[in-house]
Amino acid sequence: MLSARHRTFAALLPVAVAMLVALVSAGPAQADHYDRLLAPRSVCSDQLKSRISSDRMERSMRCMHNYARRKVGVNRLRQRSRLMKSSQAKSRDVLDCQNFSHTACGLDAFHWLHEFLYTASGCYSIAENISLGSRYRGNVRHTMSGWLHSDGHRAGLLNPGFRHVGVGVVRGRYKGFNVRVWTAHFGDLC
């Protein structure tokens, strides 16, 4: 997960904070705890399907996010079109540049959030989760499980300070493999 905050003060001096958190695997004792945050198939359909449209996969992933947030008593996330566009653009960059990174193609981690004007107000909080997987490892449930079992990714996903989300999944070839690249952009405006 990568996150940033930016607030414009009376003197109009911007302050930005960015943090990169490494993927941390949860131990067996924690695994059961985080697995309870995974929605059952009866609540979020299509989470195990791989031959469906990207729109349906993204809808299922948003459902999984809101289920997990509801289980821990956090407000639901509302989809924002600017975040949808920025997350899809970021996923395409990973494939286009063959670089699985928050700074794919040499772009600033939040380039697409700025490009699609989500941050235009000058006062915002944003975060990004990315994932790459082939076959079942790229489906909704497996991707969400990976994010929930990573301290940094889970922190962004369950952060009560975020009210908006955009989830983008793009299919393509990465280093010779057929994969899905997921990006979740979280945000809030002051």
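Just so you know, these numbers come straight off a predicted model, no measurement behind them.

**Points about the overall build of the protein**
The helix and strand tally for the protein stands at six helices and six strands. Beginning at the N terminus, the succession of helices and strands in the protein can be written as β-β-α-α-β-α-α-β-α-α-β-β. Taking all 190 residues of the protein together, the buried fraction comes to 48%. Nonlocal contacts in the protein, meaning residues at least 24 apart in sequence, comprise 71% of its contacts between residues at least 6 apart. Surface accessibility of the protein: about 9500 Å² in total, with carbon and sulfur atoms responsible for 53%.

**Here's the deal with the packing of aromatic side chains**
Within this structure, the stated rule accounts for two aromatic pairs. Aromatic pair Phe 162 and Phe 186: ring centres 6.0 Å apart, planes at 25°, arrangement stacked. In this pair, Phe 162 is assigned in the loop between α6 (151-157) and β5 (164-174) and Phe 186 in strand β6 (residues 177-189), connecting sequence segments 24 residues apart. Grouping residues by exposure puts Phe 162 and Phe 186 together as buried. Across from the ring centre of Tyr 34, 3.8 Å away, lies the NZ or CZ of Arg 154, which sits over that ring.

**A short note on unusual backbone geometry**
Backbone geometry at Leu 117 places phi at a positive 65°, although glycine is not the residue there. With respect to the helices and strands, the residue Leu 117 is situated in the loop between α4 (111-115) and β4 (124-133). Its identity as a non-glycine residue notwithstanding, Arg 135 has a phi of 50°, on the positive side. Its place among the elements puts Arg 135 in the loop between β4 and α5 (140-148).

**Digging into the layout of surface pockets**
In this structure, the second largest pocket encloses a volume near 210 Å³. Counting only elements with at least two residues in the lining of the second largest pocket, the list comes to β5 and β6. Looking at the lining of the second largest pocket element by element, the count peaks at four residues for β6. The class makeup of the residues in the lining of the second largest pocket is two nonpolar, four polar and three charged.

**Overview of the environment of Pro 160**
Looking at the secondary structure, you find Pro 160 in the loop between α6 and β5. Each C-alpha atom, one on Pro 160 and one on Asn 75, is 6.5 Å from the other, the two residues being 85 residues apart in sequence.

**Some details on the nonpolar core**
Counting residues in hydrophobic clusters, the biggest one holds 27 residues, and the most contacted among them are Met 61, Met 64, Met 144, Leu 148, Leu 157, Trp 182 and Phe 186. At the level of secondary structure, the elements contributing two or more residues to this core comprise α2 (54-71), α5, β5 and β6. Considering every element that reaches this core, the biggest residue donor is α2, with five residues. Residues in contact with Phe 186, not counting those within four places in the same chain, are His 65, Leu 77, Leu 83, Ser 125, Ile 126, Ala 127, Asn 129, Gly 156, Leu 157, Phe 162, His 164 and Val 165.

**Brief notes about the environment of Gly 73**
Topologically, Gly 73 is positioned in the loop between α2 and β3 (78-79). With 87 residues separating them along the chain, Gly 73 and Pro 160 place their C-alpha atoms 8.9 Å apart.

**Observations regarding the pattern of salt bridges**
Counting across every chain of the model gives five salt bridges. Two residues, Arg 163 and Asp 188, come together in a salt bridge whose shortest N-O distance is 2.6 Å. Note that Arg 163 is positioned in the loop between α6 and β5 and Asp 188 in strand β6, a separation of 25 residues in sequence. You can call Arg 163 partly exposed: its relative accessible area is 39%. A residue is classified by how much of its surface remains accessible, and Asp 188, at 17% relative accessible area, is buried.

**What about the pairing of β6?**
In terms of burial, β6 is a largely internal element, ten of the 13 residues being buried. Examined bridge by bridge, β4 and β6 share ten bridges and lie antiparallel to one another. Directly across from Asn 129, in β6, lies its bridge partner Ala 184. Sheet topology note: the β5/β6 ladder contains eleven bridges and is antiparallel. From the neighbouring strand, Val 169 faces β6, where its bridge partner is Trp 182. Where β5 folds back onto β6 in an antiparallel hairpin, the turn is made up of two residues, including Lys 175, whose phi is positive at roughly 50°.

The rules behind the values
Residues numbered from 1 in each chain as written. Predicted model: local features only at pLDDT ≥ 70, side-chain atom pairs only at ≥ 80, totals over all residues. Heavy atoms only, no water. Helix = DSSP H or I, 4+ residues; strand = E, 2+ residues; numbered from the N terminus. Buried < 20%, exposed > 50% of the residue type's maximum accessible area, 1.4 Å probe, protein only. Contact = heavy atoms within 4.5 Å. Areas by Shrake-Rupley, 256 points an atom, 1.4 Å probe, with all protein chains shown as cover. Phe/Tyr/Trp six-rings, centres within 6.5 Å; stacked < 30°, edge-to-face > 60°. Lys NZ or Arg CZ within 6 Å of the ring centre and 35° of its normal. 1 Å grid on protein atoms, 1.4 Å probe; cavity = no way out; pocket = protein on both sides within 12 Å on 5 of 7 lines; lining within 4 Å. Points joined across faces, edges and corners; volume = space filled by probe spheres on them. Nonpolar A, V, L, I, M, F, W, Y, C, P; charged D, E, K, R; others polar. Core = buried A, V, L, I, M, F, W, Y, C linked by side-chain atoms within 4.5 Å. Salt bridge = Lys/Arg side-chain N within 4 Å of Asp/Glu carboxyl O. Pairing = 2+ DSSP bridges.

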